[in-house]
Amino acid sequence: VWSFPEGADHPNYVAAASYGLYSIVPAPEGVIACPVDCQMDAWAEWGPCGATCDGSTQARTRAILRPAENGGAACQATVDTRPCGTDPCPVDCQMDAWTEWGPCGATCDGSTQARSRAILVSPENGGAACQATVDTRPCGTDPCPVDCHMDAWAEWGPCGATCGGSTQSRTRAILVSPENGGAACQATVDTRPCGTDPCPVDCHMDAWAEW
């Protein structure tokens, strides 16, 4: 425990030990007080860093055990700092919002449409990677209409009579049947008149009468 009587800063006062306690006592006349160097405690452990990345500082402290006196060596700094967390911080990828869906590649039988998004900030220093910049989805999944496809007409068949009027016909086959609302098939049989010329009429005579 230190006690400083009035005028204790005068060079004719010296430090003396008495029962383990320090006090300031007057020096005898003509005696010059000895210099007392500052005594400092050991440094404490380093404190936490102010940040884990992009640079910060951490500090440590030490206490003054005995201040300098009578021109002794002055005390040094009680606080020490050093850089820490100097690694650059990770930068996560930042992406723009998705655009609207683009047009479908087809109106039926299935296709795809796409949308995209831009990368606003690229990842750095182990930051979260960017996700996909293009997204697709099915569209136009309804089956397309299938129109009927028919073969060419066959040749006309024989006429039912050579005179007096009749008909003859022709046919055609269905190659592809219609589906999903496609155009329907037309007639597979076609007829037309034939032998329309009047038939010859021979003269018919009665039997002879009696003589």
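Residues numbered from 1 in each chain as written. Predicted model: local features only at pLDDT ≥ 70, side-chain atom pairs only at ≥ 80, totals over all residues. Heavy atoms only, no water.

K.L.:
Before we go on, may I ask you to explain the overall build of the chain in this structure?
P.N.:
Helix and strand counts for the chain come out as zero helices and 14 strands. For the chain, the α and β elements follow one another from N to C terminus as β-β-β-β-β-β-β-β-β-β-β-β-β-β. Counted over contacts in the chain with a minimum sequence separation of 6, partners at least 24 positions apart contribute 56%. Carbon and sulfur atoms make up 53% of the accessible area of the chain, which totals about 15400 Å². (Helix = DSSP H or I, 4+ residues; strand = E, 2+ residues; numbered from the N terminus. Contact = heavy atoms within 4.5 Å. Areas by Shrake-Rupley, 256 points an atom, 1.4 Å probe, with all protein chains shown as cover.)

K.L.:
What's the story with the pattern of salt bridges in this structure? I'm lost.
P.N.:
As a working rule, side chains carrying opposite charge can pair if their charged atoms are close by. On inspection of all chains with the given rule, the structure shows three salt bridges. Between R60 and D80 there is a salt bridge whose closest N-O contact spans 3.1 Å. In this pair, R60 is assigned in strand β4 (residues 56–61) and D80 in strand β6 (residues 79–84), connecting sequence segments 20 residues apart. Of the charged contacts in the structure, one is a salt bridge between D135 and R115, with a shortest N-O distance of 3.1 Å. With D135 in strand β10 (residues 134–139) and R115 in strand β8 (residues 111–116), this residue pair connects regions lying 20 residues apart in the sequence. Residue R115 is classed as partly exposed on the basis of its relative accessible area, which comes to 22%. (Salt bridge = Lys/Arg side-chain N within 4 Å of Asp/Glu carboxyl O. Buried < 20%, exposed > 50% of the residue type's maximum accessible area, 1.4 Å probe, protein only.)

K.L.:
Hey, could you run me through the state of the cysteines in this one?
P.N.:
Joining two cysteines, a disulfide is a covalent bond between their sulfur atoms. Scanning all chains against the criterion turns up nine disulfides. The disulfide partner of C108 is C144, and the S-S distance across this bridge is 1.6 Å. Of note, the bridge from C108 to C144 carries an S-S torsion of about 90° and is right-handed in sense. Highlighted residues: C108 in the loop between β7 (94–95) and β8 and C144 in the loop between β10 and β11 (149–150), separated in sequence by 36 residues. Of the two residues, C108 and C144, both sit in the buried class. (Disulfide = S-S within 2.5 Å.)

K.L.:
Looking at this structure, I do not really get unusual backbone geometry. What am I missing?
P.N.:
Both trends apply: most residues other than glycine have a negative phi, and most peptide bonds are in trans. Unusually for a residue other than glycine, N70 sits at a positive phi of about 55°. As for its placement among the helices and strands, N70 is situated in the loop between β5 (64–66) and β6. Phi is positive for D109, which is not a glycine, with a value near 65°. Within the secondary structure, D109 sits in the loop between β7 and β8.

K.L.:
How do you make sense of the environment of G127 when you look at a structure like this?
P.N.:
Take G127: it is sitting in the loop between β9 (119–121) and β10. By relative accessible area, G127 is classed as buried at 16%. Sequence-wise, G127 and P90 are 37 residues apart; in three dimensions their C-alpha atoms are separated by 4.4 Å. Discounting residues that sit within four places of it in the chain, G127 has contacts with P90, V91 and D92.

K.L.:
What should I look at first to understand the side chain of Q113 in this one?
P.N.:
With respect to the element layout, Q113 can be found in strand β8. Judged by relative accessible area, Q113 falls into the buried class, the value being 12%. A polar contact of 2.7 Å, which involves the side chain of Q113, links it to the backbone oxygen of G102. A polar side-chain atom of Q113 sits 2.8 Å from a polar atom in the side chain of R137. (Polar contact = N/O pair within 3.5 Å; in protein donor to acceptor, adjacent residues only side chain to side chain.)

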